Amino acid sequence: MSNFNEELFLKSDLLAEKIQVLIDMPLLNDSARIITSDVACSLSFEHWHSVRALLECGLLPSSIVIHRAQYEALVRSVWMTYSATDDHINKLSTDLNLESEQAAKNLPKVADMISSIGKSGPREAFDALSRFKDNSWKALNSYVHAGIHPIRRHSEGYPVQLIFDVLRNANGLAVMSAMQAVVLSGEQPMQKDVLELAFEFNDCMPPPL
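Residues numbered from 1 in each chain as written. Predicted model: local features only at pLDDT ≥ 70, side-chain atom pairs only at ≥ 80, totals over all residues. Heavy atoms only, no water.

A. View of the overall build of the chain. Looking only at helices and strands, the chain has 10 helices and 0 strands in total. Each helix and strand of the chain, placed in order from N terminus to C terminus, yields the pattern α-α-α-α-α-α-α-α-α-α. Relative to the compact-globule value of 17 Å for 209 residues, the chain shows a C-alpha radius of gyration of 17 Å, a close match. When the backbone C-alpha atoms are referred to their principal axes, the chain occupies close to 50 × 40 × 30 Å. The buried share of the chain, reckoned over its 209 residues, is 42%. For the chain, long-range pairs separated by at least 24 residues make up 74% of all intrachain contacts whose partners lie at least 6 apart in sequence. Element-wise, carbon and sulfur atoms account for 55% of the exposed surface of the chain, whose accessible area totals about 11300 Å². Positive and negative side-chain charges of the chain, numbering 18 and 26 respectively, have mean locations separated by a distance of 9 Å. (Helix = DSSP H or I, 4+ residues; strand = E, 2+ residues; numbered from the N terminus. Rg over C-alpha atoms; globule rule 2.2 N^0.38 Å. Buried < 20%, exposed > 50% of the residue type's maximum accessible area, 1.4 Å probe, protein only. Contact = heavy atoms within 4.5 Å. Areas by Shrake-Rupley, 256 points an atom, 1.4 Å probe, with all protein chains shown as cover. Lys, Arg positive; Asp, Glu negative; His and termini not counted. Charge placed at Lys NZ, Arg CZ, Asp CG, Glu CD.)

Structure follows, in structure tokens:
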């Protein structure tokens, strides 16, 4: 691995450290909606850390499976904040047992959550989540279900550029998660600080559309 590529991983780790410091704030309130949204947002960050670690080990297919989970956790966090009904929130915030597990199976799918965000959530969040899904969803699903993408890549080898494209995309989602974390703290003006941090680490971000 070249020094430049190693530097991308080091910078991504530094980005993670700075994001953690930036979003280390109390939540807006202790409602089930805010708390459960925050758990999903935190889960998205955890998946981001896993994606970076797997990529650095050269485990591309596994990292992409987790990358999809990173995205879905972020979508669910935003959806719970702005669009989920109280019944949806109750299903996700209750104690885990066989009954609650069954009830939670009837929650909306990712496409439906994004559609709901488009109706009642911030336009910027809807646009960003929709763009990611439009550009990446088919390939992500292929990796999750052992489709043609992972079968051919695992057989023929992985382009180095693909590894760093996934890294940058994962970092981009993490910035979106940081924006969401700021919202959950009720400190929306700090979204400007998140964007400044993304600009500071521009070479670790996905290319602008």
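That shown, we press on.
B. Molecular detail of the side chain of Ser63. The topology assignment puts Ser63 in helix α3 (residues 60-82). Ser63 sits in the buried class, given a relative accessible area of 0%. A distance of 2.6 Å separates the side chain of Ser63 from the backbone oxygen of Leu60, its partner in a polar contact. Apart from residues lying up to four places away in sequence, Ser63 is in contact with Val51, Leu54, Leu55 and Val166. (Polar contact = N/O pair within 3.5 Å; in protein donor to acceptor, adjacent residues only side chain to side chain.)

C. Broad picture of the packing of aromatic side chains. Applying the stated criterion across every chain yields a total of 4 aromatic pairs. Aromatic ring contacts, followed pair by pair, group Tyr71, Phe132 and Trp137 into a single cluster. Sitting above the plane of the Trp48 ring, Arg52 keeps its charged end 4.7 Å from the centroid. (Phe/Tyr/Trp six-rings, centres within 6.5 Å; stacked < 30°, edge-to-face > 60°. Lys NZ or Arg CZ within 6 Å of the ring centre and 35° of its normal.)

D. Molecular detail of the layout of surface pockets. Its volume calculated, the largest pocket comes out at about 1000 Å³. Taken together, 33 residues form the lining of the largest pocket, with Ala128, Arg131, Gly172, Met176 and Pro206 sitting closest to its centre. For the lining of the largest pocket, the secondary structure elements donating two or more residues are α3, α7 (123-144), α9 (160-184) and α10 (191-200). Of all the elements, α9 adds the most residues to the lining of the largest pocket, at 10 residues. By volume, the second largest pocket amounts to about 580 Å³. In terms of lining residues, the second largest pocket is bounded by 26 residues, among which Arg76, Leu92, Ala104, Leu107 and Met113 are the most central. Sorting the residues of the lining of the second largest pocket by element identifies α2 (32-56), α3, α4 (86-93), α5 (98-104), α6 (110-120) and α7 as the ones contributing at least two each. Broken down by element, the lining of the second largest pocket gets its largest block of residues, 6 residues, from α3. (1 Å grid on protein atoms, 1.4 Å probe; cavity = no way out; pocket = protein on both sides within 12 Å on 5 of 7 lines; lining within 4 Å. Points joined across faces, edges and corners; volume = space filled by probe spheres on them.)

E. Structural context of the nonpolar core. Ile19, Phe45, Trp48, Leu55, Tyr71 and Val75 are the most contacted members of the largest nonpolar core, which totals 55 residues. Excluding residues that lie within four positions of it along the chain, Phe45 makes contacts with Ile19, Ile23, Ala174, Ser177, Ala178 and Ala181. (Core = buried A, V, L, I, M, F, W, Y, C linked by side-chain atoms within 4.5 Å.)

F. Geometry of the side chain of Thr81. One can find Thr81 in helix α3. Only 2.8 Å separates the side chain of Thr81 from the side chain of Gln180, close enough to count as a polar contact. Sequence-distant contacts of Thr81, defined by excluding residues within four places in its chain, comprise Arg33, Ser37, Gln180 and Leu184.

G. Representation of the packing of α3 against α4 within the structure. Where α3 contacts α4, the axes come no closer than 9 Å and their chain directions differ by 130°. The angle between the axes of α3 and α4 places the two elements in the oblique class. Of the two elements, α3 crosses α4, and the hand of that crossing is left-handed. Here Arg76, Trp79 and Met80 of α3 lie close against α4, whose contacting residues are His88, Ile89 and Leu92. (Axes fitted to C-alpha atoms, helices over the stretch in contact; angles between N-to-C directions. Parallel < 35°, antiparallel > 145°, perpendicular 65-115°, else oblique. Left-handed = near helix turned anticlockwise from the far one by under 90°.)

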